[in-house]
Amino acid sequence: MSHGKTISRRLWYLRRGNKKKLRLYLSLFLGVVLLTLLIFYADRYALPNIVNASEYQAEVLVTSIINEEAVKHIDENAQYGNYVSINRDSDNRVSSVNTDVVKLDRLMEDINTSIKNRLKALKNKNITIPFSVIYTKNAVKSTGSGLKAKLNTTDDVKTDYVSVITPFGTDGATHRILIRIKSRIEISFLFLAKKSFDIVCDVPLTEMLYKGNLAPAFLSDINAAVYE
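Each chain has its residues counted from 1, following the order in which its sequence is written. Local features are withheld for residues below a pLDDT of 70 in this predicted model, meaning they are given only at 70 or higher, and side-chain atom pairs are given and counted only at 80 or more; totals for whole chains, interfaces and linings count all residues. Each side-chain value is worked out from all heavy atoms of the structure, with water and hydrogens disregarded.

Caption draft 1: Highlighting helix 3 (residues 101–120). Helix and strand labels come from DSSP, where a helix needs a run of H or I of at least four residues and a strand needs a run of E of at least two; each type is numbered from the N terminus. An expected span of 1.5 Å times one less than the residue number is assigned to each helix. With 20 residues, helix 3 extends 28 Å between its outermost C-alpha atoms, agreeing within 8% with the 28 Å of an ideal straight helix rising 1.5 Å per residue. Burial here depends on accessible area, computed with a 1.4 Å probe over protein chains only, as a share of the maximum for the residue type. Under 20% is buried, over 50% is exposed, and the range in between is partly exposed. Regarding helix 3, the residues found buried are Leu 104, Leu 107, Met 108, Ile 111, Asn 112, Ser 114, Ile 115 and Leu 119.

What follows is the structure in structure tokens.
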């Protein structure tokens, strides 16, 4: 074999080896770019959608349970007078109202205990959400399956009442007592995302509509909603 042919063959092997390396480097580069784009998309769009969808489903479930337990402890025929005393002035006009704190506190304690017991059963519960949330926000509030997130409840449940007096017109007012329940829960998706948040529910207990025959002192105190 001539010296020229030997050099030509060596150059051919060299070019062939360089092409293989070039293809390898190009494949690695494209792989890194693709992986970076996937991570960016997941962090920017997919994971937030998954978290929002999980939060929505968890809120629907927990809110339903909270309302069920609260209603169980509220007498269907609960009278306004069972929880509120009305004070009148010398002209028999309504001057103020007072809530029965002892009775309401007892009711709040019973409701709180029941809700805690129900929520304990939800620990490590799977929440199913549609796979389409990965690529569209429109599916966040949709039902469906394809992905699973984990719901965890805590013992952080607070139950209280809110007494709200709201004026209307020039001589009227509505007095409502609401049961306000706040529960802290946590959702997680694999090891990629985790979020804790509060669910707050207001359940009506009783109310009264006052129209006329109200003392000026009563009306002057409710130029805005009053929370007791």
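Caption draft 2: Quick peek at the side chain of Gln 57. Mapped onto the elements, Gln 57 comes out in helix 1 (residues 3–72). Any pair of residues with heavy atoms lying within 4.5 Å of one another is described as a contacting pair. Residue contacts for Gln 57: discarding those within four places in its chain leaves Ile 127, Thr 128, Ile 129, Ser 142 and Thr 143.

Caption draft 3: Representation of the packing of aromatic side chains in the model. Aromatic pairing here means that ring centres of Phe, Tyr or Trp (its six-membered ring) are within 6.5 Å. Orientation follows from the plane angle: under 30 degrees is stacked, over 60 is edge-to-face, and everything else is tilted. With the rule as written, the count across this model stands at 1 aromatic pair. Measuring from ring centre to ring centre gives 6.3 Å for Tyr 80 and Tyr 210, while their planes differ by 70°; the resulting arrangement is edge-to-face. You can see Tyr 80 sitting in helix 2 (residues 80–83) and its partner Tyr 210 sitting in strand 6 (residues 193–211), a full 130 residues away along the chain. The same class applies to Tyr 80 and to Tyr 210, which are both buried.

Caption draft 4: Region of interest: unusual backbone geometry. For Asn 92, which is not glycine, the phi torsion reads 65° and is therefore positive. Within the secondary structure layout, Asn 92 lies in the loop between strand 1 (84–88) and strand 2 (94–99). In this structure, Asn 124 takes a positive phi of about 60° despite not being glycine. Following the sequence through the fold, Asn 124 ends up in the loop between helix 3 and strand 3 (125–130).

Caption draft 5: Main features of the environment of Ile 179. Within the secondary structure, Ile 179 is located in strand 5 (residues 172–189). We classify Ile 179 as buried; its relative accessible area is 0%. C-alpha of Ile 179 to C-alpha of Thr 206: the two residues are 27 residues apart in sequence and 9.6 Å apart in space. The contact partners of Ile 179, leaving out residues within four places of it in the chain, are Ile 74, Leu 107, Met 108, Ile 111, Thr 159, Asp 160, Tyr 161, Cys 201, Asp 202, Val 203 and Leu 205.

Caption draft 6: How the structure looks around the pairing of strand 4 (residues 146–168). At least two bridges found by DSSP between two strands are what make those strands a pair. Pairing of strand 3 with strand 4, which is carried by 6 bridges, proceeds in the antiparallel orientation. Looking at strand 4, one finds that Asn 126 is bridged to Lys 150. Pairing of strand 4 with strand 5 involves 16 bridges; the strand directions are antiparallel. Residue pairing across strands places Asp 160 opposite Arg 180, the latter belonging to strand 5. Counted along the chain from strand 4 to the antiparallel partner strand 5, the turn is 3 residues long, and its residue Gly 169 has a positive phi close to 65°.

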